[in-house]
Amino acid sequence: MTQPIAILGRGQLGWMLRRAGDRIGANVQLLDPQAPEQPAPDTLITVESEHWPDNEGTRALRQHPGWQNAKTLDTLPSRILQKTLLDELQLPTAPWCRPKVSDSAEDVHNTLGPDFLLKTDRGGYDGRGQLRVKAAENTALPGWKNEAIAESAIAFDTEVSLVGARGRDGQCVFYHLTENYHRQGVLTVSLNQPERFAALQPAAEAMLTKLMTHLDYVGVMAMECFLVGDQLLINELAPRVHNSGHWTQDGAAICQFELHLRALLGWPMPKPHERGTTAMVNLLGMEHQKEWLTVPGARLYWYNKVCQPGRKMGHINLQHPDPKVIAQWLRTLPLPKEYDASREWALERLTS
Ligand code: AMP
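Everything numeric in this text was worked out from a predicted model, so none of it was measured. (Residues numbered from 1 in each chain as written. Predicted model: local features only at pLDDT ≥ 70, side-chain atom pairs only at ≥ 80, totals over all residues. Heavy atoms only, no water.)

**Quick look at the overall build of the protein**
From N to C terminus, the protein includes 10 helices and 16 strands. Taken over C-alpha atoms, the radius of gyration comes to 20 Å for the protein, in line with the 20 Å a tight globule of 352 residues would show. Here the C-alpha coordinates of the protein stretch approximately 60 × 50 × 40 Å along the principal axes. Relative to its 352 residues, the protein shows a buried fraction of 57%. Here the contacts in the protein between residues at least 6 apart in sequence split such that 63% fall between residues at least 24 apart. Split by element, the accessible area of the protein, about 15400 Å² in all, is 50% carbon and sulfur. Charged side chains in the protein number 36 positive and 40 negative. The centres of these two groups are separated by 3 Å. (Helix = DSSP H or I, 4+ residues; strand = E, 2+ residues; numbered from the N terminus. Rg over C-alpha atoms; globule rule 2.2 N^0.38 Å. Buried < 20%, exposed > 50% of the residue type's maximum accessible area, 1.4 Å probe, protein only. Contact = heavy atoms within 4.5 Å. Areas by Shrake-Rupley, 256 points an atom, 1.4 Å probe, with all protein chains shown as cover. Lys, Arg positive; Asp, Glu negative; His and termini not counted. Charge placed at Lys NZ, Arg CZ, Asp CG, Glu CD.)

Here is the structure:
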């Protein structure tokens with residue numbers, strides 16, 4: 001029996017971690033964040049999300065000898081601490097400040113320019129807990145500004161993310177940069193075209209290596225960036241497996257879920273072999289459709305959750321050595337109208 005791993009969280013990320021573990025003989029158990037059982041003392045404990053409820057059980061887990069990455073998980077979930085760390089390490093990020101109690105929108109505009117976002121310090125993700133404030137619109141700042149950061153809106157050319165992992169020996173491995181399209185702050189499509197951002201890859205890897213090394217982090221971490229010209233600005237760091245890495249399930253010989261488990265267990269972590277262009281489509285707020293399976297290359301991952309508007313219900317990966325074949329599959333994939341812009345965005349890249 002291999003050393004047990006417990007994942008705090010029973011959502012889709014936990015499920016996909018366990019599924020990856022089953023294949024390689026890792027012994028993975030999922031813990032209910034509302035009332036987690038306390039695992040045996042030799043268990044390694046990791047999280048599927050950096051935000052979890054504060055209760056007696058989760059507080060006890062934090063004290064468990066197997067709790068992993070304490071320093072990282074005490075820092076990154078707070079946008080204030082995360083941005084402060086990025087500044088300390090001189091890693092580029094969008095200009096930001098902490099609004100003072102007495103600050104009006106105008107005061108913040110004076111510091112950050114005519115367009116900024118207010119983001120809650122903790123808990124917000126996928127565009128939640130965010131307010132866009134434009135000078136032209138005379139918006140009053142809400143009461144939660146004291147528990148928030150303000151960040152300049154970036155006129156980016158595109159958004160990319162780097163998913164990589166650091167092992168117990170300090171060695172880091174990375175996948176190629178992935179390009180991401182968001183609708184109203186939520187990821188709809190990721191595209192991995194290995195050569196597309198080759199020129200940026202070394203700089204991106206150096207940034208995430210610096211961070212993971214500083215934090216003495218072990219496991220998979222994702223770095224989401226805005227690309228402005230040839231400059232990468234870090235938008236957000238996720239100390240876990242990440243939605244923009246789901247393509248690796250079909251586009252790489254070692255997927256991000258397996259890589260995270262290998263890192264924690266101290267198992268071999270060669271640079272994952274990648275298979276060429278891969279696309280991932282998030283299925284948001286929709287019921288299961290067997291028609292997706294009419295597309296020959298569609299690999300469906302369905303999370304079996306109750307459908308709610310905008311909720312991540314599943315995803316589909318499309319992988320083929322020829323991007324034009326992926327484009328053809330994507331054209332025929334049954335998706336609602338709200339996906340037209342996301343689909344067009346991906347088709348433009350797959351066919352150019
Ligand atoms: P977040 O939840 O902070 O990752 O934000 C979700 C999405 O909102 C990002 O992927 C961007 O598309 C958009 N966004 C967040 N922050 C900014 C910013 N400072 N400037 C422009 N767009 C942003």
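**Details of unusual backbone geometry**
Of note, the phi angle at N69 is positive, near 60 degrees, even though the residue is not glycine. In this structure N69 comes out as buried when scored by relative accessible area, which is 14%. You will see that Q90, though not glycine, has its phi angle at about 55 degrees, which is positive. Looking at where Q90 falls in the secondary structure, it is placed in the loop between α4 (79–88) and β4 (96–97).

**As for the packing of aromatic side chains**
Each aromatic ring pair is specified by the distance between its two centres and by the angle formed by the two planes. If you walk through the whole model with that rule in mind, you get six aromatic pairs. An angle of 5 degrees between the planes, with centres 5.1 Å apart, marks the rings of F156 and F226 as stacked. Placement of the pair is F156 in the loop between β7 (148–152) and β8 (158–166) and F226 in strand β12 (residues 219–228), with a sequence separation of 70 residues. A residue is classified by how much of its surface remains accessible, and F226, at 8% relative accessible area, is buried. A cation over an aromatic ring shows up here: R183 above the ring of Y339, its NZ or CZ 4.8 Å from the ring centre. (Phe/Tyr/Trp six-rings, centres within 6.5 Å; stacked < 30°, edge-to-face > 60°. Lys NZ or Arg CZ within 6 Å of the ring centre and 35° of its normal.)

**Digging into the layout of surface pockets**
Taken as a whole, the second largest pocket encloses approximately 220 Å³ of empty space. Lining the second largest pocket are 13 residues; nearest its centre among them are R19, R23, Q249, C255 and Y301. Elements with a minimum of two residues in the lining of the second largest pocket: α1 (12–24), α8 (256–265) and β15 (298–302). Considering every element that reaches the lining of the second largest pocket, the biggest residue donor is α1, with four residues. (1 Å grid on protein atoms, 1.4 Å probe; cavity = no way out; pocket = protein on both sides within 12 Å on 5 of 7 lines; lining within 4 Å. Points joined across faces, edges and corners; volume = space filled by probe spheres on them.)

**Points about the nonpolar core**
Inside soluble globular proteins, nonpolar side chains tend to come together where they are buried. Counting residues in hydrophobic clusters, the biggest one holds 34 residues, and the most contacted among them are I5, V28, F257 and L259. Put simply, the parts of the chain that give this core at least two residues each are β1 (5–8), α1, β2 (28–31), β8, β12 and α8. Take this core: its biggest share by element is six residues, from α8. When residues of this core are assigned to domains, at least three map to each of domain 1 (5–68) and domain 3 (158–351). Apart from the residues lying within four places of it in its own chain, the contact partners of V28 are I5, I7, L17, R18, G21 and L261. (Core = buried A, V, L, I, M, F, W, Y, C linked by side-chain atoms within 4.5 Å. Domains from an automatic or database assignment.)

**Thoughts on empty space enclosed by the protein**
Tallied over the full model, the rule gives one cavity of 30 Å³ or more. Considering only enclosed or pocket space, the largest cavity measures out at about 30 Å³ in volume. Ranked by the residues each element gives to the lining of the largest cavity, the list is headed by strand β3 (residues 44–47), at three residues. When grouped by side-chain class, the residues that make up the lining of the largest cavity number five nonpolar, four polar and no charged. Per-domain counts for the lining of the largest cavity show at least three residues from each of domain 1 (5–68) and domain 3 (158–351). (Nonpolar A, V, L, I, M, F, W, Y, C, P; charged D, E, K, R; others polar.)

**Observations regarding the site of the ligand**
Taken together, 18 residues lie near the ligand, and K119, E151, I154, E159 and E236 sit nearest. Taking Q130, its side chain carries an N or O atom lying 3.0 Å from an oxygen atom of the ligand. S152 is positioned such that a nitrogen or oxygen atom in its backbone is 2.9 Å from a nitrogen atom of the ligand. For the ligand, whose free accessible area comes to 480 Å², the fraction covered by protein is 92%. Of all elements in the fold, only β5 (115–120), β7 and β13 (231–238) reach the threshold of two or more residues within the shell around the ligand. Grouping the amino acids of the shell around the ligand by side-chain chemistry returns six nonpolar, six polar and six charged. Here the shell around the ligand spans two domains, and each of domain 2 (95–152) and domain 3 (158–351) adds at least three residues to it. (Near = heavy atom within 4 Å. Polar contact = N/O pair within 3.5 Å; in protein donor to acceptor, adjacent residues only side chain to side chain.)

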